[in-house]
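One-letter residues, chain by chain:
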Amino acid sequence: SPAARPTAFGRLACAGDSIAFGTGLPNRENESCPAILATKLGNDWPVENFGVEGIRALDNGPSSAFRHLPETPDLAVVLLGGSDVQFDGNPRVPR
């Protein structure tokens, strides 16, 4: 991840599943949710992407997304849930 830099507000970390990571995007560095958020926020809030392919909230619990953060950010956005839905018409239910 990029080195922390001083800003007006702080550091924002985006954690989560493959949606946060940008899986399947031709240019995930510029097209992922965290990259788009970084563009919208500008330089005052540097955004770091800690998305991990394969994390599932139902299997690992929502806190699994935070295990990949190297330190406590000033603000975190967690993107989980897209991988927890089966698209064959049968939603997954926690055990």
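Above this text sits the structure in question.
Model, not experiment: these values are computed from the prediction.

A.B. asks: What is the right way to read the side chain of S32 from this model?
C.D. replies: Take S32: it is sitting in the loop between α2 (28–31) and α3 (33–41). Excluding its chain neighbours within four sequence positions, the residues that come into contact with S32 are A20, F21, G22, L25 and N49.

A.B. asks: Mind showing me how you'd approach the packing of aromatic side chains here?
C.D. replies: The geometry of an aromatic ring pair is captured by two quantities: the separation of the ring centres and the angle between the planes. A complete count under the given rule lists zero aromatic pairs for this structure. The positively charged end of R28 is found above the aromatic ring belonging to F21, 3.8 Å away from the centroid.

A.B. asks: Explain the pairing of strand β2 (residues 47–51) to me, please; I cannot follow it from the model alone.
C.D. replies: Two faces make up the sheet, and in a regular strand the side chains alternate between them. Among the five residues in β2, four count as buried, and that is most of the element. Inspection of the sheet shows strand β1 (residues 12–16) paired to β2 by five bridges, in the parallel sense. Within β2, the position partnered with A15 by the bridge is F50.

What counts and what doesn't
Residues numbered from 1 in each chain as written. Predicted model: local features only at pLDDT ≥ 70, side-chain atom pairs only at ≥ 80, totals over all residues. Heavy atoms only, no water. Helix = DSSP H or I, 4+ residues; strand = E, 2+ residues; numbered from the N terminus. Contact = heavy atoms within 4.5 Å. Phe/Tyr/Trp six-rings, centres within 6.5 Å; stacked < 30°, edge-to-face > 60°. Lys NZ or Arg CZ within 6 Å of the ring centre and 35° of its normal. Buried < 20%, exposed > 50% of the residue type's maximum accessible area, 1.4 Å probe, protein only. Pairing = 2+ DSSP bridges.

As far as function goes, none of this settles anything; it's purely spatial.
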